Amino acid sequence: RKEVEQDPGPFNVPEGATVAFNCTYSNSASQSFFWYRQDCRKEPKLLMSVYSSGNEDGRFTAQLNRASQYISLLIRDSKLSDSATYLCVVRGGNTGGFKTIFGAGTRLFVKA
Amino acid sequence: EPEVTQTPSHQVTQMGQEVILRCVPISNHLYFYWYRQILGQKVEFLVSFYNNEISEKSEIFDDQFSVERPDGSNFTLKIRSTKLEDSAMYFCASMRGQGTGELFFGEGSRLTVL
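Each value, and the rule that gives it
Residues numbered from 1 in each chain as written. Chains lettered and ligands numbered in written order. Predicted model: local features only at pLDDT ≥ 70, side-chain atom pairs only at ≥ 80, totals over all residues. Heavy atoms only, no water. Helix = DSSP H or I, 4+ residues; strand = E, 2+ residues; numbered from the N terminus. Buried < 20%, exposed > 50% of the residue type's maximum accessible area, 1.4 Å probe, protein only. Polar contact = N/O pair within 3.5 Å; in protein donor to acceptor, adjacent residues only side chain to side chain. Contact = heavy atoms within 4.5 Å. Disulfide = S-S within 2.5 Å. Buried area = accessible area lost by both parts, 1.4 Å probe. Salt bridge = Lys/Arg side-chain N within 4 Å of Asp/Glu carboxyl O.

Please clarify how the side chain of A:S30 should be interpreted in this entry.
Residue and element names in this part refer to chain A. As for its position among the elements, S30 is in the loop between β3 (19-25) and β4 (32-38). Here S30 falls in the buried class, since its relative accessible area comes to 4%. From its side chain, S30 meets the backbone oxygen of N27 in a polar contact 2.8 Å long. Setting aside residues no more than four positions away along its own chain, S30 makes contact with Y25, R66, V90, R91, G92 and G93.

Right under this line is the structure:
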């Protein structure tokens, strides 16, 4: 089983749509969770951290289910500028170290 | 705004040659990482570095790879004898504290091995 698994997409949605991405992770000892965004041929950038209680940042909502080892990202009112690859990121594990693993990403295309 | 800087932005080398990729992390950061991304593929963890030593490494990070923080400022990745399959974008990242800390990435160094 992959350490971090995501649906690769692509998701093709119209402007204004709501879209949800899911991610599962294999190591139950993982400690920290994030969503990053990567534009074509650019470096990954933090979109938001994911907390156990769930958290929201404007149009973006992240959820974590530790029991199911599942992370989600919801984007409301999609904008053209949201077109990118969304990376699910998981840190930590049994060794207590700092290994930070990226999923393969989910591609989103928002169309006018 | 402080940023992670990487040099060179692009390097072309012949198979079998040694390559050194350089990174200057954000000055008050304590944790440093190298990642690799082959074109069209995922961002792959190579190595993490803390307190002047490797804290974790992946199976990709074999004996041909090494990292060093020679002067308290630069953080380098050396590939001793490059192979065609080493062609990729190499990203350096740094983090201030562990746990929930954000990884800040440099813009990457594209390595092309001919």
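Even after reading the chapter, I still don't get the environment of A:P14, so can you show me in this structure?
Residue and element names in this part refer to chain A. With respect to the helices, strands and loops of the structure, P14 is situated in strand β2 (residues 11-14). Taking the C-alpha atoms as reference points, P14 and V110, separated by 96 residues in sequence, lie 5.4 Å from one another. Look past the residues within four positions of P14 in its chain and what remains in contact with it is S78, V110 and K111.

For this particular structure, what's the right way to read the state of the cysteines?
Covalent bonding between the sulfur atoms of two cysteines is what defines a disulfide. All names here are of chain B. Tallied over the full model, the rule gives two disulfides over all chains. Note that C23 is cross-linked by a disulfide to C92, the S-S spacing being 1.9 Å. Of note, the bridge from C23 to C92 carries an S-S torsion of about -65° and is left-handed in sense. With C23 in strand β3 (residues 19-24) and C92 in strand β9 (residues 88-95), this pair connects stretches of sequence that are 69 residues apart.

Sorry if this is basic, but what is going on with the interface of chain B and chain A here?
How big an interface is tends to be stated in terms of accessible area lost as the parts join. Taken together, the contacts link 23 residues of chain B with 21 residues of chain A. When the buried surface of chain B facing chain A is broken down by residue, B:K42, B:E56 and B:F105 rank first, second and third, together holding 26% of it. Counting every contact that joins chain B to chain A gives zero salt bridges. On the surface where chain B and chain A come into contact, there are six residue pairs in polar contact (both at pLDDT 80 or more).

Everything listed here is a matter of coordinates, which is why it stays silent on function.
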